[in-house]
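Structural overview
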Amino acid sequence: MSFDTEFDVLIVGAGGCGLAAAIAIHDRCPRAGIAVLDKADRACGNTVLSSGSIPAAGTRFQQAAGIHDTPALFEEDLLSVAGEHEAMHLTRALTATSAELVEWLVDRAHVRLTLVESYKHIGHRVHRLHAPPSRRGADLVNDLLRECERRDIPVAWSNAVTGLAVDEGRLCGVACVTPDGAATRIGARHVVLASNGYAANKELLRRFVPEVADAPYGGGTGSAGEAILWGEPLGAALANMRAYQGHASLADPHGSLVTWTVVEKGGIIVDRAGRRFGDESIGYSAFAALELEREGPFWLIADTRVRDLTAAGQEEYAELAAHGGVLEGELPQICARTGIDAGGLAATLDAARLCAAGAARDSFGRTQWGLGALGEHLTATRIGPAIFHTQGGLRVDSDGRVQAASGVAIAGLWAGGGAACGISGNRGSLGYMSGNGLLSALGLGMRIGRAIATELDGAEG
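Residues numbered from 1 in each chain as written. Predicted model: local features only at pLDDT ≥ 70, side-chain atom pairs only at ≥ 80, totals over all residues. Heavy atoms only, no water.

Defined as follows: UniProt positions are given in the numbering used here, feature names are shortened, and annotations may be inferred rather than shown by experiment.
As recorded by an unreviewed UniProt entry, the chain carries the name FAD-binding protein and is attributed to Bordetella petrii. Entered under Cofactor (unreviewed entry) in the UniProt record, the comment concerning the chain runs "FAD".

**Quick word on the side chain of Glu 280**
Applicable threshold: Elements are defined by DSSP. Helices are runs of H or I of four residues or more, strands are runs of E of two residues or more, and each kind is numbered from the N terminus. Pairs of N or O atoms within 3.5 Å make up the polar contacts considered here, provided that, within protein, one atom can donate a hydrogen while the other can accept it, and that residues adjacent in sequence are counted only when both atoms are side-chain atoms. For this analysis, residues touch if any pair of their heavy atoms sits within 4.5 Å.
Its place among the elements puts Glu 280 in the loop between strand E12 (268-270) and helix H11 (284-292). At 2.9 Å, the side chain of Glu 280 forms a polar contact with the side chain of Arg 276. The contact partners of Glu 280, leaving out residues within four places of it in the chain, are Trp 260, Val 263, Ile 268, Ile 269, Phe 287 and Arg 366.

**Re the packing of helix H4 (residues 71-82) against helix H5 (residues 88-96)**
In plain terms, the rule: Here the axes come from fitting lines to C-alpha atoms, over the contacting stretch only for helices, and the angles between their N-to-C directions go from 0 to 180 degrees. Roughly parallel covers angles under 35 degrees, roughly antiparallel covers those over 145, roughly perpendicular covers 65 to 115, and oblique covers all other angles. Handedness of each helix crossing follows the sense of rotation of the near helix against the far helix: counterclockwise by less than a right angle gives left-handed, clockwise gives right-handed. Residue type decides the class: Asp, Glu, Lys and Arg count as charged, Ala, Val, Leu, Ile, Met, Phe, Trp, Tyr, Cys and Pro as nonpolar, and the leftover types, Gly among them, as polar.
Between H4 and H5, the least distance of the axes is 9 Å, while the angle of their chain directions is 140°. Judged on the interaxial angle alone, H5 and H4 are oblique. By crossing handedness, the relation of H4 to H5 is classed as right-handed. For the pair H4 and H5, the contacting residues are Pro 71, Phe 74, Glu 75, Leu 78 and Leu 79 in the first and Met 88, Thr 91, Arg 92, Thr 95 and Ala 96 in the second. In terms of residue class, the contact of H4 with H5 is built from six nonpolar, two polar and two charged.

**Details of the packing of aromatic side chains**
The geometry of an aromatic ring pair is captured by the separation of the ring centres together with the interplanar angle, meaning the angle of the planes. Our working definition: To pair, rings of Phe, Tyr and Trp, with the six-membered ring standing in for Trp, must have centres within 6.5 Å; the planes then decide the type, stacked if under 30 degrees apart, edge-to-face if over 60, and tilted in the middle. When a residue's accessible area, from a 1.4 Å probe over protein chains only, is under 20% of the maximum for its type it is buried; when over 50% it is exposed; and in between it is partly exposed. When the NZ atom of lysine or the CZ atom of arginine is within 6 Å of a ring's centre and also within 35 degrees of its normal, the charge is said to sit over that ring.
A complete count under the given rule lists six aromatic pairs for this structure. Aromatic side chains Tyr 284 and Tyr 432 sit 6.2 Å apart centroid to centroid with 50° between the ring planes, which places their arrangement in the tilted category. Within this pair, whereas Tyr 284 is found in helix H11, its partner Tyr 432 is found in the loop between strand E18 (409-415) and helix H16 (436-460), the two being separated by 148 residues in sequence. With a relative accessible area of 11%, Tyr 284 lands in the buried category. We classify Tyr 432 as buried; its relative accessible area is 11%. Ring pairing ties together the aromatic residues Trp 260, Phe 277, Tyr 284, Phe 287, Phe 298 and Tyr 432, which thus form one cluster. For the cation-ring pair, Arg 366 lies above Trp 369, with the distance from its terminal atom to the ring centre recorded as 4.3 Å.

**Looking at the environment of Gly 428**
Looking at the secondary structure, you find Gly 428 in the loop between E18 and H16. The class for Gly 428 is buried, based on a relative accessible area of 5%. Separated by 186 residues in the primary sequence, Gly 428 and Arg 242 place their C-alpha atoms 5.3 Å from one another. What Gly 428 contacts, discounting residues up to four positions off in sequence, is Arg 242, Ala 243 and Tyr 244.

**Digging into the sheet that holds strand E3 (residues 54-55)**
Selection rule: Pairing between strands is defined by DSSP: at least two bridges between the two strands are required.
Taken in spatial order, the three strands make up an open sheet running E3-E5-E4, and their pairing is antiparallel. For this open sheet the edge positions go to E3 and strand E4 (114-115), each flanked by a neighbour on one side alone. Bridge count between E4 and strand E5 (residues 129-131): two bridges; the pairing is antiparallel. Considered in E5, the bridge of Leu 115 is made with His 130.

**Brief notes about helix H12 (residues 304-313)**
Keep this limit in mind: The arc in question is formed by the directions pointing from the helix axis toward the C-beta atoms.
Those residues of H12 not exposed but buried are Thr 304, Val 306, Arg 307 and Thr 310. Along the axis of H12, the buried residues cluster in a sector spanning 155°; they form a single face. Next to the buried residues of H12 lie helix H10 (261-264), strand E13 (298-303), helix H13 (315-322), strand E14 (327-329) and strand E15 (378-390).

**Quick look at unusual backbone geometry**
The peptide bond linking Asp 252 to Pro 253 adopts the cis configuration, its omega dihedral lying at 10°. Mapped onto the elements, Pro 253 comes out in the loop between strand E11 (244-251) and H10. The step from Gly 296 to Pro 297 runs through a cis peptide bond, and the omega angle for that step is 5°. Tracing the sequence through the fold places Pro 297 in the loop between H11 and E13. Positive phi, close to 55°, is recorded for Glu 168, a residue that is not glycine. Secondary-structure assignment places Glu 168 in the loop between strand E7 (160-167) and strand E8 (170-177). Glu 168 gets classed as exposed once you look at its relative accessible area, which sits at 80%. One non-glycine residue, Asn 196, lies in positive phi territory at about 75°. Of note, Asn 196 is situated in the loop between strand E9 (183-193) and helix H8 (202-208).

**Comments concerning the pairing of E18**
Two faces, one strand: in a regular strand the side chains alternate between the faces of the sheet. Counting buried positions along E18 gives five out of seven residues, so the element sits mostly inside the fold. Of the strand pairs in this sheet, E9 and E18 are connected by three bridges, and their pairing is parallel. For Leu 193, the partnering residue across the bridge sits in E18 and is Ala 415. Relative to E18, strand E17 (residues 401-403) is paired through two bridges, and the arrangement is antiparallel. Paired with Gln 403 across the two strands is Ala 409, which belongs to E18. Linkage of E17 to E18, two consecutive antiparallel strands, is achieved through a turn of five residues, within which Gly 407 is found at a positive phi near 95°.

This is the structure in structure tokens:
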């Protein structure tokens, strides 16, 4: 089969996984021919839309803060939420190398990360999230893009891969449409699918997670499921396909993500009758399932103390508050502006304050109330549920080699991030813990890159 151009490695997708893989290959095999292709005209995937938080256990940043953590503790926390699933080998591998990942990102990829000490998020027993100072995934991706540019790794935007090129049953490259609309074929010894999941593909959602097929979508528009559509015809197996990350607090109608830190500091979620309908401390992904079961709108109720402390550490929430997305006032004013039933909200707040003060037991089982009882000067943010990204995909080994149903690796095909099976179990939104997506994306990206570099070195030798 003839090709218009050829590389050692082609990476499909310029998000966290793909860029990390490219840098990791170059790190150990700087002579390798690497190219990153992306169908979008700019970075706009799920890593960009995230808070950039990467969980890791045993980092030097934790040690400097006096925090004891180990991969074993991290694995226990993940399993307590996700349960046993079809990719346990990934849970073990990614927790084992999580500290190495974060330190490699800082030291070798020159990504600006700091330990997040102002919140832990549900499921993490200690502070182990590492994020850009801005708490914006866009900054993480921009740092990775800057490092690719420094290393002369080409990232080609508006180059849409349309399929895998196969010759006599062997993967040998990709078919692509260039920005001017021309069809081209690019040869490669290794193809890395870092093209994200399938949460924007309604047909695939109906096949694997029909309960959220018609839910609002808050993730990157490019999550069309190409990895599944291309991998299955080659015999690739799938794993953890029922898993997805939901989010219970997409600002309505602003569309921005309302950080769950507001809940963790004591906020509650109510319906239009002013009533709570679940334990908010189960996390933003699991709570989204409760919202999807009932009619909205929903409101995140906190107070100005919670708002100000949260805004001080998270720019996106501060911007939402500054642009009118977070209302404030005494209870009568809040209810007048939102349409929430005043009697219902008053009763709910009275009950929640007793629980937060330890004077009563919450009927939904919530025991963590952050800063304590909410004050009289309230805040309210209209929110709704959404699906953000899927957590199932192509079955891969611990280094991202795509596997057939027999367990044999498909030569030359790799997958990570949303294209590969994740570590969030197989129970819908219930198994997701904050950072699972980026740990899978960046962690597998690093591991894929190192494994490919080893194979390239071996072939040259």
